[in-house]
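Examining the three-dimensional arrangement
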Amino acid sequence: MGTLSPWSRDGTPARGITITDRAGGSCFGTAESTMRTDAWRCTAGDRILDPYFFPDSNPEDTGALCFDGAPTRMDMIADKTDCCPPVQEQ
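About the thresholds
- Here the residue numbering is sequential within each chain, running from 1 through the sequence in written order.
- Local features in this predicted model are restricted to residues of pLDDT 70 or higher, and side-chain atom pairs are both shown and tallied only at a pLDDT of 80 or more, whereas totals for entire chains, interfaces and linings draw on every residue.
- Side-chain measures here rest on the full set of heavy atoms in the structure, leaving out hydrogens and waters.
- The rule for a salt bridge is simple: a side-chain nitrogen of Lys or Arg has to be within 4 Å of a carboxyl oxygen of Asp or Glu.
- Per-residue accessibility, obtained with a 1.4 Å probe over protein chains only, is compared with the maximum for each type, and a residue is labelled buried under 20%, exposed over 50%, and partly exposed between these values.
- The disulfide definition used here is simple: a pair of cysteine sulfur atoms within 2.5 Å.
- Helical segments are the DSSP runs of H or I of at least four residues, strand segments are the runs of E of at least two, and each set is numbered from the N terminus.

1. A look at the pattern of salt bridges
Counting across every chain of the model gives 3 salt bridges. Where Arg 41 meets Glu 32, a salt bridge forms, and the shortest distance between an N and an O atom there is 3.8 Å. Using a relative accessible area of 63% as the deciding quantity, one classes Glu 32 as exposed. Classification of Arg 41 by relative accessible area gives buried; the value is 17%. Each of the salt bridges in this network shares a partner with another, and the network as a whole consists of Glu 32, Arg 41 and Asp 50.

2. Section: the state of the cysteines
Enumeration over the complete set of coordinates arrives at 1 disulfide. The disulfide partner of Cys 27 is Cys 42, and the S-S distance across this bridge is 1.9 Å. One disulfide, between Cys 27 and Cys 42, carries an S-S torsion of 85 degrees and so falls in the right-handed class. In this pair, Cys 27 sits in strand β2 (residues 26-30) while Cys 42 sits in strand β3 (residues 39-44), placing the two residues 15 residues apart along the sequence.

So this is what it looks like as structure tokens:
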């Protein structure tokens, strides 16, 4: 078993990731679906999306990626203003 890394080191979606949808929304806390400290719980419209991942390379980036049925298919949310920046690994 491996760890999902949806972002490349330069802050763009990782190779093999397909963006299936883009939406505006906001994040309001840590993910409930995983114990990863870099995963967040977000909303877009009337949907709760969990987990969402922000790129580690740029904590000010407001884009995030969330599963869309498979690890290589991701929805992108365009705003994380209600959430804190991702936790950086020590």
